[in-house]
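These are the residues of each chain, in order.
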Amino acid sequence: TKGAGGAKLLGVERCYTMLFMHCKNMQLINKKYDATGYGPVFEDQPVETIYPEESPEAKITMSCRARANPPATYQWRLNSRSIDLDGDNHYTQVGGDLVISNPIKNKHVGNYSCVATNDYGTVVSREAGVRFGYLDFFSSEEREAVHVKEGQGAVLLCAPPPHYPHELSFRWILNEFPIFITLDKRRFVSQTTGNLYISKVDLSDSGNYSCFVSSASIAKSVFSKFIPLVPLTERWKYPADIKVKFPDTYALVGQNVTMECFALGNPIPQIRWKKMNGELPSNHDVSMAGAHLHLYNVQYEDEGTYECEALNSKGKDWHRARVSVEAFPEWTESINSTEKDISSDYTMSCVASGKPKPHVQWLKNSYYDKRDLRFSALTFKDSGMYQCIAENRHGVIYANAELRVIACAPTFEHNPVKWRILGAKNGRVVIECKPKAAPKPSFSWSKGTELLFNSTRVLIWEDGSLEILNVTEADEGRYTCFAENNRGKANSTGSLSITEATKITLAPSNADVTVGESTHMQCAASHDSTLDITFVWTLDAHSIDFDREGSHYERNLNGGSSGELLIKNTQLKHSGRYTCTAQTPVDNVTASANLVVRGPPGSPGGVRVEEIRDKSVRLIWSRGTDNHSPISKYTIQCRDSFSQEDWRDATTSPPDVEGNAESATVVDLFPWTEYEFRVIATNTLGTGDPSSPSPKVTTLEAVPVVAPSDIGGGGGTSRELTITWTPVQPQYYYGRNFGYIIAFKPRDGYEWRKVTVADPGAKHYVHKDPSILASTEFEVKVKAFNSKGEGPYSLMAVIYSAQDAPTSVGARALSATEAIVWWLPVTQHTVEGYQVRYWRKAEDSETSSQRVVVSSRENQTRLDNMRPDSHYLIEVKAYNAAGYGPPSQHLQIYTKKARTYFYLRLKGTSVNIAWEHVEPLANESTIDGYKVLYRQASKSTGMLFTTGKRSIDLPMHKDGDYIVEVRAHSEGGDGAVAQIRISAPIPRSLCNQAVRLAWPP
């Protein structure tokens, strides 16, 4: 230094100060990078938590635990901001866990993360949300009744109350808890909306329904007020109408997806699913009578548009929506903890897959690091805990690693040169030298006191290893590796010994066998007597696993120098090149041989169809492997669209397809039929597997050759001729525009009359002609036609035209449950008897009518088991061997009354309704009381009164039309409604009007 001594002293002090700081830093470094220490590694992290608002346990515990040396300290963050444990007495920390006592919804909801720190760095856990779960009660308001005609569809709305989380399950109660309705093809509960759908309402559906809602997350269930469902006795038929429609859906790879589709309709619609432009995935399942389509373990190839089709005999409906498949982030390249030399270069790399493509960012010691993590000339400051975070809209993943930058003199303490190295005579020896050192050291070698240099036989590798080629006994001795860097140097010594080389003395030979036979491969070797020898077998470079394939492979260890291989029950897959490796700890040698396994041929490939005609096609294929035995013949098989599961041998021309052929003509096919074909090869050793099916093709059209069968008919309405037949099966249509031609004439006539029926599924035809006499004998025959022409006629049948209907039908009620009916007999001599049908006009369907059959000698009969005070319809038909004739006109009668009435009386400003007590029948429940609904005629709701008395006073309004509905109530349920309209002011003529009151059994 220049200047006075003071200046010199200042310079010396500064030098000592810098030296002191350097030494202190080196002590910290040495402590920090103790070989036994490491940074935090999470073993337990917080998870998404839903806290029920009604939870009896008034606390939330968020878990966090990290393995670290020295042990980690912990800190918690809420929405990325540090939590002050002293500033909020709701928070306490137990170990690494965070406990929230008496949580408050608007204060403690959010995303929590745990921060773990020790001397080596800091890591941040994944974020986990805390949310408050709740499920409110349904509204206490009464639900309106749903009135629907029998046969129509109905939808009962659930309208679940406010709730969190969104996932709920739904069921419906019928009349009382815990009676839940059974779901089937007619009834469906949407697990999306909770609504109950009934495709076709029956009278049995009458009752009170309640929506039962459950939240599994908070273990709570609630149910709605009951909704009365009132079916009205009038049958409707209407086409399928889809009411539950699955929306466009996002699915994650590996997840399961359920799509809902349900339709109203009468008859009950059938639900069908398909994927547009492709087949439904193999991992699909259909449940709930078709209303649910499940896709399990969804993959990208399952993406597409799906269609739900609902159809019944009245029509069909369809709905389409798209399933888009995306993916949670997933690491394709991640980071691992590593040690790197000071001043070296290093690149940290993280690559994540996912859909949408994840965004990747970095943290160092819990803080965001915007650098591109490519390090050149690493320093101690680069040491720390690094985290790679990949995120898309479906989630976040973390990868953690510790980067440790080290500097040290070479040391062989943990990895010295092997003290004894063995080498085979005339072989190659590599002696490794891998000391721990940073930065990377330079290397040199010596043998004894002789320093070694690179030559044609000796090479010092860049990593310090020493390679010696063509070793001899002269190369035996002590070898020392020297390593040196700018921090120091070290060396380590090992001894090289030379052994006799291993040699194959008995090599395996080529073999040729047939499938199912056994063979063996020999292998023996000489070796140094001081060493152990083992034999390893491979097939086409793949090691044979004797444990897994013990049924086919076995080793015969005939002494220590032999490793014979036994191959049992050979299969085609066992053909190939077998290699025997004889190995000692020092060297190894190999020998190989080929095994040929002869067997049935492989499957042909490339099957395609050409020259398509009406009854034949030309099939072309390419030869498969003959498996070392010439193919002797081919078998052609086919299946059509009418028997999808059954393959059958096809007829070919010529009948035998030789083994050298690669095409054949298939004959005797059905015209206008969709086919697929496959080919099977045979040789002297057996028949191989079939080829993959050909693309589907449709043969050309042709004139039909099959006539309808079971021609018959007769009966029907007066002046009609009814002709019936069994339709032709679809595989015999032979072309489009298929239909029937019906020919008929009187038996003594000469000219055939012909009509055309264009419906291929038709089973009958009714010819109406006023000139046709009753019970006239006709000859009839039927043939098929299509766009190519007409087929042959069926066998001729003899039938009779319809009989006359009974006339002058009369009836009279004898009592409340009986009546008598009479008629004028039909004059035709072919009549064998009469059938009388009767049913209630409003309450019963015609198909459920009661029936009485009498002989042709009778022209009257008694009707019994009728309901009192009921409006009945009656019809009479004559019948003979050909069937029933036309019915008479419907006759209406009323059975006698056996029930009480109620009366209207003016009573000042009110109207009084009174009735006599009802005595139920033996099969009916005791009357508990009566329900009276008083409403305006224009509204469906009003005032509902319940009374156990036989009268009630209702307020009289000045003007307007009002409806009074009265029904009896018993344990068996509510009875049918008796209804009267009142127009205010009430005229005196309305007073004392009787109205019938009925109830169910």
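These numbers were taken from a predicted model, which means no experiment stands behind them.

*Asks:* Looking at this model, I keep getting lost on the overall build of the protein. Mind explaining?
*Replies:* When helices and strands are counted, the protein shows two helices and 91 strands. The C-alpha radius of gyration computed for the protein amounts to 47 Å, which surpasses the reference 30 Å derived for 1001 residues by more than 25%, pointing to a less compact arrangement than a globule. Seen through its C-alpha atoms, the protein measures out along the principal axes to roughly 145 × 95 × 50 Å. Per-residue burial over the protein gives 43% buried out of 1001 residues.

*Asks:* Is there a simple way to think about the sheet that holds strand β13 (residues 154-156) in this case?
*Replies:* Sheet strands pair via backbone hydrogen bonds, and the direction of the pair is either parallel or antiparallel. Judged by pairing direction, the sheet is antiparallel, and its three strands sit side by side in the order β13-β17-β16 without closing on themselves. Two strands in the sheet have a free side with no partner beyond their single neighbour: β13 and β16 (187-189). Within the sheet, the average angular offset between the axes of one strand and its neighbour, ignoring direction, is 15°. Across three bridges, the pairing between β13 and strand β17 (residues 196-198) is antiparallel. Bridge pairing links Val155 to Tyr197 in β17.

*Asks:* Looking at this structure, how should I read the state of the cysteines?
*Replies:* Covalent bonding between the sulfur atoms of two cysteines is what defines a disulfide. With the rule as written, the count across this model stands at six disulfides. Each disulfide pairs two cysteine sulfurs, and for Cys261 the partner residue is Cys308, the sulfurs being separated by 1.7 Å. Between Cys261 and Cys308, the disulfide has an S-S torsion of -65° and is therefore left-handed. One end of the pair, Cys261, is in strand β23 (residues 257-266); the other, Cys308, is in strand β27 (residues 304-312), and 47 residues separate them in sequence. Across the pair, exposure class does not vary: Cys261 and Cys308 are buried alike. The disulfide partner of Cys350 is Cys388, and the S-S distance across this bridge is 2.5 Å. In this pair, Cys350 is assigned in the loop between β30 (346-347) and β31 (351-355) and Cys388 in strand β35 (residues 384-392), connecting sequence segments 38 residues apart. Neither residue differs from the other here; Cys350 and Cys388 are each classed as buried. Here the disulfide map of the protein reads 1-2, 3-4, 5-6, 7-8, 9-10, 11-12, the bonded cysteines being numbered as they appear in the sequence.

*Asks:* Teacher, can you tell me more about the side chain of Ser366 here?
*Replies:* Mapped onto the secondary structure, Ser366 falls in the loop between β32 (359-364) and β33 (367-368). With a relative accessible area of 6%, Ser366 lands in the buried category. Among the polar contacts made by the side chain of Ser366, one reaches the side chain of Arg77 at a distance of 3.3 Å. Once residues lying within four places of it in the same chain are set aside, the contact partners of Ser366 are Arg77, Val115, Thr122 and Val124.

*Asks:* How should unusual backbone geometry be read in this particular structure?
*Replies:* The general pattern is negative phi for most residues beyond glycine and trans for most peptide bonds. Looking along the chain, the bond that leaves Asn69 and enters Pro70 is cis, with omega of 0°. Mapped onto the fold, Pro70 is located in the loop between β4 (65-69) and β5 (73-78). Here the residue pair Asn266 and Pro267 is connected by a cis peptide bond, since its omega of 5° sits within 30 degrees of zero. You can see Pro267 is positioned in the loop between β23 and β24 (270-275). If you check the backbone angles, Ser80 has positive phi at about 70° while not being a glycine. Of note, Ser80 is situated in the loop between β5 and β6 (81-82).

*Asks:* Help me out: how do you make sense of the pattern of salt bridges in this one?
*Replies:* Opposite charge on two side chains permits them to pair, given that their charged atoms come into close proximity. Throughout the structure, instances matching the rule amount to 44 salt bridges. Among the salt bridges present, the one from Asp205 reaches Arg186, with a minimum N-O distance of 2.6 Å. With a gap of 19 residues between them, Asp205 in the loop between β17 and β18 (207-215) and Arg186 in the loop between β15 (169-174) and β16 connect regions that are remote in the sequence. Overall, Asp205 belongs to the buried group, its relative accessible area being 1%. Between Lys745 and Glu779 there is a salt bridge; the shortest N-O distance is 2.8 Å. Linking Lys745 in strand β69 (residues 739-746) with Glu779 in strand β72 (residues 777-786), this pair joins segments that are 34 residues apart in sequence. There is no split in this pair, since Lys745 and Glu779 are both buried. Several salt bridges share partner residues, and in doing so they unite Asp184, Arg186, Arg187, Lys200, Asp202 and Asp205 into one network.

*Asks:* How should I be thinking about the UniProt feature "domain: Ig-like" (unreviewed entry) in the protein in this particular structure?
*Replies:* With numbering matched to this structure, UniProt assigns "domain: Ig-like" (unreviewed entry) to residues 40-131, 148-223, 239-324, 329-404, 410-497 and 502-596. Counted over residues 239-324, helix gives 0% and strand 63%. Its end C-alpha atoms are 31 Å apart.

*Asks:* When you look at the environment of Glu301 in this model, what are you seeing that I'm missing?
*Replies:* Note that Glu301 resides in the loop between β26 (292-295) and β27. Between the C-alpha atoms of Glu301 and Pro281, which are 20 residues apart in sequence, the distance is 8.5 Å.

*Asks:* Would you mind going over the packing of aromatic side chains with me for this structure?
*Replies:* The way to describe two aromatic rings as a pair is by their centre distance and the angle between their planes. Enumeration according to the criterion identifies 20 aromatic pairs in this entry. Note on Phe670 and Tyr732: the rings are 5.4 Å apart at their centroids and 90° apart in plane angle, and the pair reads as edge-to-face. A residue pair is termed long-range when its members are at least 10 positions apart, and Phe670 in the loop between β63 (663-667) and β64 (674-683) and Tyr732 in the loop between β68 (720-726) and β69 qualify at 62 residues. Among the residues examined, Phe670 registers a relative accessible area of 23% and is labelled partly exposed. Ring geometry for Phe670 versus Tyr734: centroids 6.4 Å apart, planes at 45°, classification tilted. Of this pair, Phe670 sits in the loop between β63 and β64 while Tyr734 sits in the loop between β68 and β69; the two residues are 64 residues apart in sequence, bridging distant segments of the chain. Among the aromatic residues, those joined into a ring-pair cluster are Trp725, Tyr733, Phe738 and Tyr740. Sitting over the ring of Tyr250, Arg393 keeps its end group 5.3 Å from the ring centre. Stacked on the ring of Phe546, the Lys or Arg Arg555 has its end atom at 4.1 Å from the ring centre.

*Asks:* Got a minute to help me understand the sheet that holds β35 in this structure?
*Replies:* With respect to topology, five strands assemble into an open sheet ordered β29-β36-β35-β32-β33, the strand pairing being mixed. Of all strands in the sheet, those with a lone pairing partner are β29 (338-341) and β33, marking the two edges. Relative to strand β36 (residues 395-406), β29 runs parallel, the two sharing four bridges. Across the sheet, residue Thr338 finds its bridge partner in β36, namely Leu403.

*Asks:* So what exactly am I meant to see when it comes to the layout of surface pockets here?
*Replies:* In this structure, the second largest pocket occupies an estimated 560 Å³ of space. What lines the second largest pocket is a set of 22 residues, and nearest its centre among them are Arg126, Glu127, Glu391, Val396 and Tyr398. Within the residue set of the lining of the second largest pocket, elements represented by two or more residues are β9 (110-118), β11 (128-135), β32, β33, β35 and β36. The greatest single-element share of the lining of the second largest pocket, amounting to three residues, is contributed by β36.

*Asks:* Is there a simple way to think about the pairing of strand β25 (residues 284-287) in this case?
*Replies:* Side chains on a regular strand alternate between the two faces of the sheet. Across four bridges, the pairing between β25 and β26 is antiparallel. What sits directly across from Ser287, in β26, is His292. The antiparallel pairing of β25 with β26 creates a hairpin that spans four residues between the two strands, and Met288 there sits at a positive phi of about 55°.

Parameters at a glance
- Residues numbered from 1 in each chain as written.
- Predicted model: local features only at pLDDT ≥ 70, side-chain atom pairs only at ≥ 80, totals over all residues.
- Heavy atoms only, no water.
- Helix = DSSP H or I, 4+ residues; strand = E, 2+ residues; numbered from the N terminus.
- Rg over C-alpha atoms; globule rule 2.2 N^0.38 Å.
- Buried < 20%, exposed > 50% of the residue type's maximum accessible area, 1.4 Å probe, protein only.
- Pairing = 2+ DSSP bridges.
- Axes fitted to C-alpha atoms, helices over the stretch in contact; angles between N-to-C directions.
- Disulfide = S-S within 2.5 Å.
- Polar contact = N/O pair within 3.5 Å; in protein donor to acceptor, adjacent residues only side chain to side chain.
- Contact = heavy atoms within 4.5 Å.
- Salt bridge = Lys/Arg side-chain N within 4 Å of Asp/Glu carboxyl O.
- UniProt positions renumbered as here; feature names shortened; annotations may be inferred.
- Phe/Tyr/Trp six-rings, centres within 6.5 Å; stacked < 30°, edge-to-face > 60°.
- Lys NZ or Arg CZ within 6 Å of the ring centre and 35° of its normal.
- 1 Å grid on protein atoms, 1.4 Å probe; cavity = no way out; pocket = protein on both sides within 12 Å on 5 of 7 lines; lining within 4 Å.
- Points joined across faces, edges and corners; volume = space filled by probe spheres on them.

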